[in-house]
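Observations on chain architecture
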Amino acid sequence: MNSSHSLLLLISVLLFASVAHSTSKGKPPKINAKTDKWEIAYRLNESVTLPCQADGDPTPTYFWKKNNEVLNTSGSHYTMQSGNLVIRQTKQGDDGEYKCFAQNEHGIAFGLAMKLQAAVINAFSSGVTHVVKPSVGDYLKIPCAAPHSYPKSTPYFGYNPPSSSHKLQHIENNDRVMLDYNGTLHFANVFLNDSLDYIGDINYVCVLNNPNLGTYVQGGDYKVIPQVNTGSTDPRGPMLRWSEYLVTAIKGTNKFLKCIFSGLPTPVVTWHAVDMLGKKIDRFTVTQPGAVTGPEIQLTNIDVSDEGRYTCTAENPKTHVRANHTIQLEVESSPYWARTLLDRYVDEEDNVEIDCEAHGRPKPIIQWFINSVPVNEQSFTGRKSLSGYKLRYRSVTVNDSQVIQCLASNQHGAILENIVLKVNAEEPSFMETPKDKKVVAGTTVQFECNTRGAPKPTIEWFQGIPLSKVSGSRFYIQDNGRRLEIRNTEIEDSNTYRCQASNKHGRNSATVVLMVRSPTSIASNQVNKVVRATEEVIIPCDVTTDQNEFSSLVVEWLRNGRRIDFKTETHMYMDSTDYSLRIKSSKVTDTGEFSCNATNGLDSATSATSTLRVRDRPDSPHNVTILSCNVTTAEISWIAGNDNNDQITEFTIYYSGNFSSGNKTYHPGSTVEPGSRYHDQVSVHPWSRYTFHVTATNNIGKSDLSKVSGQTCNTRSVPPDRNPTGVCGSLSSAQQLVITWDPMPENEHNGEGFHYIVSYRRYGSSDGETKRNVEDSKQKSISIHGQKEPFALFEIYVRAANRLGTAPMPDKQLVRSGEGKPQVIAQNFKLVEGSVNGSSAQFFWDPVDTSEETVRGFFRGYRIVFWKSAEPNIRRSEDILINKPFELCHLQLTIPPPALRRRRHHHHHHRHVRSTDRVYGSTSQLWPLSDISAAVQVLNQANAGPDSNVIEFRTPAGAPGKVSNLVVVERGWSHLIVKWQLPLEFTGDIVGYNVDYSVVTPAVGTSSHVQINDPNQKRYKIQRLDYLTKYRISVTAVTVAGLGEEESVIGETLPMNNPDAPKIINISTLDNSANVSWLHSDLQPPLNPGSEFFVKFKGPDNSTVVQVFYPDQDSDDNWANVTGLEKGKYEVWVTARSGIGEMERETNSRSWIVLIGLNNTVIAPTTSELLIYHHASAGWFIILMCIIALLLLVLLIVCILRRTHGDMYPVYEKEKMWRHHPLAPDETPFGEYTPSSDNPHLGRSQGSLDSDEKPMESDSDSLEEYEDQDASKFNEDGSFIGQYTGKRKPGSTKPSAINTSV
């Protein structure tokens, strides 16, 4: 390096070193605006802009050099715009090498030199026209001596058309006519039309074009005159006329190779690569569009692997002669960096190595610059050294901050890189402040202490207060102190930790807090359940977590690995108390694997997987198909549906043969066990149209019917194949033979014109059969009148028939004609002494002759009849049955023996005891506290005989029946009020009531019991109940005879909320007391009435008197009387309360003002008027009356005066002014708590014996299948449903409350 360069380098280094001492902040310049045009051609008298842009801190300044001399850019010719050099009105002297420099206080950067040269094109030296006369078929070349041009251009040939208006036309290249790369035009063989005579008298012209100047020049003309000679058309073998032997290509560019051959016909040229391992022939392409062969090929994006020999082969198909030529391709490249060169930002005392290795062919030359000053290996000593392409610094200082330029060049180009070396010197600081951490015990935690400083800081770790160095087998300090790692953390590791960084410039520290928490866990409560659909399922999730993180605990449930969305799965919910999953009504689709996942943001736990299989009845089969249809059978097939997790046990085929198109009834047919066979035969009836369903059954139940088969099975008509069953008779009608049978269903008629043939005759008679046709297929009996002897034997049968014939002859049956009324009367009917109580008594009497002649039928037993002596037409009865019913339908078809008529079946009934000379019977259906008359009758199968002797007796009091009209009249969220009325049947005086109540479901605890000893109380408030809960409330009446029947009602409490505000409706006062009345709610109807009420007086001394309200349980009135009040002004309000303890809620009414002892004035909150109630002094009343009289007098005078003037007196308006105040004491009470006759649930009873209504009759339980001609004597029904209207003791209607002195 020469002495001038060394001096410049020294000055540059000293300059920037002095700056570096002053500050380590900022950034040296870096040129980032680059261009690929290092050689730029320009046109004279135009402007040229050379780019240059750089970054740096502070912002760099720029200067330019031309041919290594600083350029003056302050004039008008050379100017700078943001670093770019602008040359205005270029001239010939602007040619040269230009280089951009950017500098600031930290260094100098420069860009790659750009060569600027004016574009030029010279004219051809000669304009002489050359004439050539080649022979047709011969080879011809026309040379072109192109003049100088910058940038360099390749000439081409064209011709000028005859008309001067046409532009110069190109000679198109093809396999026969083509240009070489020097501009010579070659003809592989000459054609006659190559003279261009067919166009006109035209010559070939060599043209050179300069695109930068936008102009071209053309040389001398060539006139081609082809000559036709002997042998002109003879074939000529191919011969190489032009090509290259050694070609150099630049890596990354495209390259053309060309071989020009002569010959006739025109040779076909093909190419191949030689001695190139792995080289593909199609790596290059023929430039002629659409051709696969040709004299020129192109290699694109050339790489070193393309280097080698390429052979072109020309072949003439007529001569079969080949000509070859080989071109050697060598690939070189411009320089390129071996690796990306990056700016270097380092700290004091760091070692730095800058690698500036470059590749290229030939190998590039590396040049180094520091702040634009050239340096070499001799320029450095001590801490710095330069060796080849590596520049090394040891223990850098801030003085080493500079811009280093690396320039690599060879004959094909150059590359330049400005590398910024920035050395920092600063006290330690934190790039990122360490963060406090919460971790789970047993895990590993790391604290990063990312510091910066120059030189690199020394890092130490401390813990606790006072500080102590971190130590222990589980504590690891890594990466030169940058990281503290604590392994297998424990709860005791919770502490403060300090990271301290220091270097020669100072010290800095940061403190973090570590909180170690207990891990989250879920107890192993794996559940494997198999349930039926709709059953409730509970899957536990027993979660524990650190108490400090409990508020962050989030639990979610997964089914088959996917989170359950409880908004869509509304039948599922997670219990907030124990996190268990509750499925209220399980479904088959709930089947799967369930797990719960718990996380508190620190860690998570997942439970063991529980399985749930929900079984349900199967899905309906589908694709029901009729395979065949015959007169008596049909074959059906189907496809099974889903078994819903329980194996199908059978399939059932249902059929319908209804004729109507309305609703069809389907009957079960055959049953098939599951398996590979899903088809079966079903029995069908003739003359029917069938459709079919199929059901599937498993252990849970039966599926719904499948869709009806899309086909129908229509069977043909035949005679009936059976007769009616159930052929029998009836004993209910005397002097009639009644024949009954079971009608045959329509699907067994087997054809049209179906009817019954009924045949009968007297058993043992020689008379022929009597037959009757019954056309109505639904008729089930026929009566034959005129039978003189009751209970006579007949021989009968019923036969089915249709238009095609009759059914087989049926067997004959024996039946009896109707029974008569028994003529025998029981004797000595008496009451068993001491057997009478409030509802029952026992009797006895003498047995009777039970022969058919006296009983006039089959003897069944006795009937005890009884009635209130004062009401003989309202009877009750109790049957004492001796024999089983007569088996009328199963008589043998033989002549009965004489004993048959007198046969007796002595079967004892549970309500009678019979001895040898007496018959006993009892009843429990008597009326309590009543005079009773009773008798006994004899029974046959159908009728009862006359009354026996009548006895009379009186019953004592009995247990009461159910209370009537039990209803819930008020609901709150912690109370219910029920009301009831007396039992409908009077059994004695009521002495009280029992009230029991309990939760409906699920059953929790035992029932609560309340005993009411006041018989007049028929209302009760149940308090301290749970909200939104259903209760069963039972009320039982009590008499001296004991407890009655229980009556129940269900009541549900309301959602928990503040109670409605009460509404004070009246306050009346005396000198030292006040009576306050209110309604439960100021809303109509109430939304959530309170359970308890308190009357509060706030006195003159601001003390509050609280009066607890004890309601009259049998009254809807709410009032309290407060005594012992002192003279003064009081604020009065009523407080409603619901619930107890933590759930207690209160709401106050609007307050009133009361003046005690001060005219006893009451001021309502809704008006400014005074409601005056004075009960102590009559003088005030007299004064008030006088005032009213005076006002009436004035009113009368005004009326007369207005009438005199013809005006109408507005009576309505005046009356409205003096209307009775809406809050007066006689206002109607709160409607919801006042019994009303309009309410169908209150004050309503069934008919009584003392009323005009007809009493309710009971259902028959003994003779309901028999008829009686004398119905008036058999209106009793054998059952006991008593009814009466109980007498109520007169009770006071006056409201009750407790008077308390204060």
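Notes on the structure follow. No experiment lies behind these values; they were computed from the predicted model shown.

Thresholds, definitions, all that
- Residues numbered from 1 in each chain as written.
- Predicted model: local features only at pLDDT ≥ 70, side-chain atom pairs only at ≥ 80, totals over all residues.
- Heavy atoms only, no water.
- Helix = DSSP H or I, 4+ residues; strand = E, 2+ residues; numbered from the N terminus.
- Pairing = 2+ DSSP bridges.
- Axes fitted to C-alpha atoms, helices over the stretch in contact; angles between N-to-C directions.
- Buried < 20%, exposed > 50% of the residue type's maximum accessible area, 1.4 Å probe, protein only.
- Disulfide = S-S within 2.5 Å.
- Core = buried A, V, L, I, M, F, W, Y, C linked by side-chain atoms within 4.5 Å.
- Contact = heavy atoms within 4.5 Å.
- Phe/Tyr/Trp six-rings, centres within 6.5 Å; stacked < 30°, edge-to-face > 60°.
- Lys NZ or Arg CZ within 6 Å of the ring centre and 35° of its normal.

**Points about unusual backbone geometry**
In the segment running from Asp57 into Pro58, the intervening peptide bond is cis, with an omega of 5°. With respect to the secondary-structure elements, Pro58 resides in the loop between β4 (54-57) and β5 (61-66). For the bond running from Ile465 to Pro466, omega is 0°, close enough to zero to count as cis. Within the element layout of this structure, Pro466 appears in the loop between β44 (458-463) and β45 (468-469). A positive phi angle, close to 55°, is found at Asn965, a residue other than glycine. Note on placement: Asn965 falls in strand β83 (residues 964-971).

**What to know about the sheet that holds strand β85 (residues 990-999)**
The antiparallel open sheet is built from 4 strands, whose spatial order is β86-β85-β88-β89. Each end of this open sheet is capped by a strand with a single partner; those strands are β86 (1008-1012) and β89 (1042-1052). Averaged over all adjacent pairs, the angle separating strand axes in this sheet is 20°, with direction ignored. The pairing of β85 with strand β88 (residues 1030-1039) spans 9 bridges and is classified as antiparallel. For Tyr993, the partnering residue across the bridge sits in β88 and is Ala1037.

**Focus on the pairing of strand β92 (residues 1092-1098)**
The buried fraction of β92 is high, at 5 of 7 residues. Here β92 pairs with strand β95 (residues 1128-1138) via 7 bridges, running antiparallel. The residue bridging Phe1094 from the neighbouring strand is Thr1135, located in β95.

**Things to note about the environment of Ser851**
On the secondary structure map, Ser851 appears in the loop between β77 (841-845) and α2 (852-855). Owing to a relative accessible area of 9%, Ser851 belongs among the buried residues under this scheme. When the C-alpha positions of Ser851 and Val824 are compared, they lie 9.8 Å apart, and in sequence the two are 27 residues distant.

**With respect to the sheet that holds strand β76 (residues 830-831)**
The sheet built from 3 strands is open, its strands ordered β76-β77-β80 with antiparallel pairing. Among the strands making up the open sheet, the edge pair consists of β76 and β80 (919-923). Here β77 runs beside β80; their pairing, made up of 5 bridges, is antiparallel. Looking at β80, one finds that Phe843 is bridged to Gly921.

**Quick word on the state of the cysteines**
According to the stated counting rule, one finds 7 disulfides in the structure shown. Between the sulfur of Cys144 and that of Cys206 lies a disulfide, 1.4 Å long from S to S. Its torsion about the S-S bond being -70°, the disulfide of Cys144 and Cys206 is classed as left-handed. With a gap of 62 residues between them, Cys144 in the loop between β14 (140-142) and β15 (149-150) and Cys206 in strand β20 (residues 204-210) connect regions that are remote in the sequence. On the basis of relative accessibility, which here comes to 2%, the residue Cys206 falls in the buried class. Residue pairing for Cys449: its cysteine sulfur links by disulfide to Cys499, the two sulfurs lying 1.6 Å apart. Handedness of the Cys449-Cys499 disulfide follows from its S-S torsion of about -75°: it is left-handed.

**So, the nonpolar core**
Counting residues in each nonpolar core, the largest one holds 25 residues, and the members touching the most others are Ile142, Phe157, Leu185, Phe187 and Tyr204. Looking at this core, the elements that each hand over two or more residues are β14, β16 (156-159), β18 (177-179), β19 (185-187), β20 and β21 (215-224). Sequence-distant contacts of Tyr204, that is, excluding residues within four places in its chain, are made with Ile142, Phe157, Gly158, Ile171, Leu185, Phe187, Asp194, Leu196, Gly220, Asp221, Tyr222 and Val224. In terms of nonpolar packing, the next biggest core, distinct from the first, is built from 23 residues, Phe843, Val855, Phe859 and Tyr862 among them.

**Some remarks on the packing of aromatic side chains**
One pass over the full model with this rule turns up 24 aromatic pairs. Between Phe866 and Trp927, the aromatic rings sit 6.3 Å apart at their centres with planes inclined by 75°, giving edge-to-face as the arrangement. Of the two residues, Phe866 sits in strand β78 (residues 859-868) while Trp927 sits in the loop between β80 and β81 (931-940), which places them 61 residues apart along the sequence. Given a relative accessible area of 0%, Phe866 falls into the buried group. With a relative accessible area of 5%, Trp927 lands in the buried category. An aromatic cluster is defined as three or more aromatic residues linked by ring pairs; in this entry it consists of Phe829, Phe843, Trp845, Phe859, Tyr862 and Phe953. Over the ring of Phe191 we find Arg176; its NZ or CZ atom is 3.8 Å from the centre of that ring. Sitting over the ring of Tyr476, Arg487 keeps its end group 3.6 Å from the ring centre.

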